[in-house]
Amino acid sequence: MTSQPTDTITPIQQQAEVLRSMVDATAVAMAFFRPIRDHQNRISDFQALEVNQAYALLLQRPPDELLRRTLTEHGFPASVSELTGALVRVAETGQPFQTGFAHPVDGRPCWLSLRAVWQGDGLVLSYEDLSPMQQEHPVFGRMFDASPVSMMVLEPIPGPGGVVDDFRVLFSNQATSILFGWSLEYLLDGGPLGQKLPQYRRFRLFDLFAQVAGNRQSARREFQYDGDGIHRWLDVSAWPQGRNGVVAMIMDATPIRQARLDAQKAVRELTFAREQAQEMIHMVSHDLQEPLRKIQLFGKALSLQPALVEDSGNRELINRIQSAAARMSNLVADLLTYSRILNRTETFQRVSLDGLLGRITEDLRNADILAEAVIHTTELPEVAGDSAQLYQLFYQLLSNAVKFRKGDVPCQVWISGRRIHKGELDPSITSDRFTDPPETLWEIRVVDNGIGFDEKYRDRIFQVFRRLHGKSQYAGSGLGLSICRKVVDNHGGAITARSEPNRGTTFLVYLPA
């Protein structure tokens, strides 16, 4: 049979050849299918009449093997064969249909966009490979390849009645192989996930995936998987992909869970130790107070015996006994105060510092502590706090000012308050002690004209039992300023001091406004 001369090719044939060349040259995979009808004239499948080179390359099969074959026989992708209902609607209504899905090619994820259009008497399917976008958009490639979190795209396997019976892995990343100890080849062999993880129904992992595949809404669950050679806490998130696919992200939550359990255990142990320490402090303090009172009582009785006090040696000995007992009694009282502050959990209320300071000065004067001191105050604010703790704070600061007065110079104390921005905090307030200050604060200044101190000891004065002076010079337990710091810490604030030797001291108290 001789070939037809070139000059006998009709214009229509030439246009058809040009059109075919253009379709073959495009990067979009395209195929033309005719519907196959059963004896009841219902569409049961579609037969390929034309395919372009991009379509053949995508399926990695010669074009001749695809022609006259059905869409189901093309086996590409399995999820598309399950879209027959949607494609039938395109054929019957003429309305186009579009979706997206994932499909593995050589074990690598391939993201495709599918569009179905009814043209003439057949169906035109076009598939656009979105994989090159991986290089420009990390969400497509790096999310799977570089993520330390296991990620899989799952495709439902329908059972009787079309109900999801299992899932197969379309593609996955290396993290999944590491998590489950599988190779990528085994993951992507097309077998049901239930064969790889026989226990995943028992732990309701299948239920999670089926729920997302059914209602097309994302879901998340954390649980302990203890089967199939896997003994881990898993944090699983799943969301819909394409028409009925599921994207699963599985994180090994075992380290986080273990850290959480360790932290809870440490908190319980710390709470128990703290309760035991407080109980011991209370018991020791209570048991010490009674014999101390008796020592003071007997010492006073001895000091009233003329025969004893006539001897200067006896008199000095009795005075020392009474002084030591008094110091011990003050120490026990301060320990009880410090213990109560550590365990204080009352709900904060609005506290007027003006009213609080009035009570403190009255109590100090009644105790003859402020007999010769002059207190200067300006209007002070209301703050949110525990009234009993704030009482201790300013009681200790005023007592401290009187105790460390300068010789025979009358003690004077100035107390003032102002609202400041956190940027105005004193530079000595370090971030490790005041990690997250509020935007605005009350700055309360307590200034005295006492002996002062060298600022290199600024941190030391707030430490428990740390003293800058000997007991013979200034009485005290060494807990007063420690109590102040603890109260301020409990109120979400900070405290510091400015001073120079013989130039007085300024205590700066910062409380949330």
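Just so it is clear, the model here is predicted, and its values are computed rather than measured.

Rules and cut-offs
- Residues numbered from 1 in each chain as written.
- Predicted model: local features only at pLDDT ≥ 70, side-chain atom pairs only at ≥ 80, totals over all residues.
- Heavy atoms only, no water.
- Helix = DSSP H or I, 4+ residues; strand = E, 2+ residues; numbered from the N terminus.
- Buried < 20%, exposed > 50% of the residue type's maximum accessible area, 1.4 Å probe, protein only.
- Contact = heavy atoms within 4.5 Å.
- Areas by Shrake-Rupley, 256 points an atom, 1.4 Å probe, with all protein chains shown as cover.
- Pairing = 2+ DSSP bridges.
- Axes fitted to C-alpha atoms, helices over the stretch in contact; angles between N-to-C directions.
- Phe/Tyr/Trp six-rings, centres within 6.5 Å; stacked < 30°, edge-to-face > 60°.
- Lys NZ or Arg CZ within 6 Å of the ring centre and 35° of its normal.
- Core = buried A, V, L, I, M, F, W, Y, C linked by side-chain atoms within 4.5 Å.
- Salt bridge = Lys/Arg side-chain N within 4 Å of Asp/Glu carboxyl O.

Our next topic: the overall build of the protein. When helices and strands are tallied, the protein shows 18 helices and 17 strands. In the protein, buried positions account for 39% of the 513 residues. Counting only contacts in the protein whose residues sit at least 6 apart along the sequence, the fraction spanning at least 24 positions is 58%. Of the accessible surface of the protein, which amounts to about 28700 Å², a share of 52% is contributed by carbon and sulfur atoms.

Further remarks concern the sheet that holds strand β15 (residues 440–448). If you walk across this open sheet you meet the 5 strands as β12-β14-β15-β17-β16, and the pairing is mixed. Single-partner strands in this sheet number two, and they are β12 (374–377) and β16 (494–499). Across the sheet, the mean angle from the axis of one strand to that of its neighbour is 20 degrees, orientation sign disregarded. Docked against the sheet, helix α18 (residues 480–490) engages β16 and β17 (505–512), running at close to 140 degrees with respect to β16.

This model, assessed by the stated rule, comprises 10 aromatic pairs. Summarising the aromatic geometry, the rings of W182 and Y186 are spaced 5.9 Å apart at their centres and angled 75 degrees between planes, so their arrangement reads as edge-to-face. Summarising the aromatic geometry, the rings of F462 and F507 are spaced 6.4 Å apart at their centres and angled 85 degrees between planes, so their arrangement reads as edge-to-face. Within this pair, whereas F462 is found in the loop between β15 and α18, its partner F507 is found in strand β17, the two being separated by 45 residues in sequence. Pair check on accessibility: F462 and F507 agree, each one buried. In this structure an aromatic cluster arises from ring pairing among F167, Y200, F206 and F209. Between the NZ or CZ atom of R257 and the centre of the ring of W233, over which it lies, the distance is 3.8 Å.

Within the largest apolar cluster, 40 residues are counted, with the highest numbers of intra-cluster contacts made by L390, L393, F394, L397 and I415. When contributions to this core are tallied by element, the ones reaching two or more residues are α15 (312–342), α16 (353–366), α17 (387–403), β14 (412–421), β15, α18, β16 and β17. A per-element tally of this core places α17 first, with 8 residues. One finds V169, L187, L197 and V212 within the second-largest nonpolar core, a separate group that totals 28 residues.

What follows is about the pattern of salt bridges. The full count for this structure, using the stated rule, is 18 salt bridges. Note that R418 is salt-bridged to E443, the shortest N-O span being 2.8 Å. With R418 in strand β14 and E443 in strand β15, this residue pair connects regions lying 25 residues apart in the sequence. For R418, a relative accessible area of 36% translates into the label partly exposed. Under the relative-accessibility criterion, E443 is labelled buried at 2%. For E439, the salt bridge is made with K422, and the minimal N-O distance between the two is 3.1 Å. Of the two residues, E439 is situated in the loop between β14 and β15 and K422 in the loop between β14 and β15; the sequence distance between them amounts to 17 residues. The partly exposed category is assigned to E439, whose relative accessible area is 47%.

Positioned with a positive phi, R216 is a non-glycine residue whose angle comes to about 60 degrees. Here R216 shows up in the loop between α12 (205–215) and β8 (219–227). Taking the relative accessible area as the measure of exposure, R216 reaches 24% and is therefore partly exposed. Look at D228: it is not a glycine, yet its phi comes out positive at around 60 degrees. Tracing the sequence through the fold places D228 in the loop between β8 and β9 (230–241).

With that settled, consider the pairing of β17. For β17, a buried count of 7 out of 8 residues is recorded, marking the element as mostly surrounded by other parts of the structure. Where β15 meets β17, 8 bridges bridge the pair, whose relative direction is antiparallel. In the sheet register, L441 faces β17, and the bridge partner there is P512. When β16 meets β17, the two strands line up antiparallel, connected through 6 bridges. Looking at the pairing, R498 lines up with T506 of β17. Between β16 and β17, which pair antiparallel one after the other, the connecting turn spans 5 residues, and N502 there sits at a positive phi close to 65 degrees.

What follows deals with the pairing of strand β6 (residues 150–158). Judged by how many residues are buried, β6 sits mostly within the fold: 8 of 9 residues are covered. Of the strand pairs in this sheet, β6 and strand β10 (residues 245–252) are connected by 5 bridges, and their pairing is antiparallel. In the strand pairing of β10, M152 is matched with A248. Here 7 bridges tie β6 to strand β7 (residues 164–172), and the two strands are oriented antiparallel to one another. Bridge pairing in β7 links M152 to S172. Hairpin connection from β6 to β7: 5 residues lie between these consecutive antiparallel strands, with G161 at a positive phi of about 75 degrees.

These figures capture arrangement, not role.
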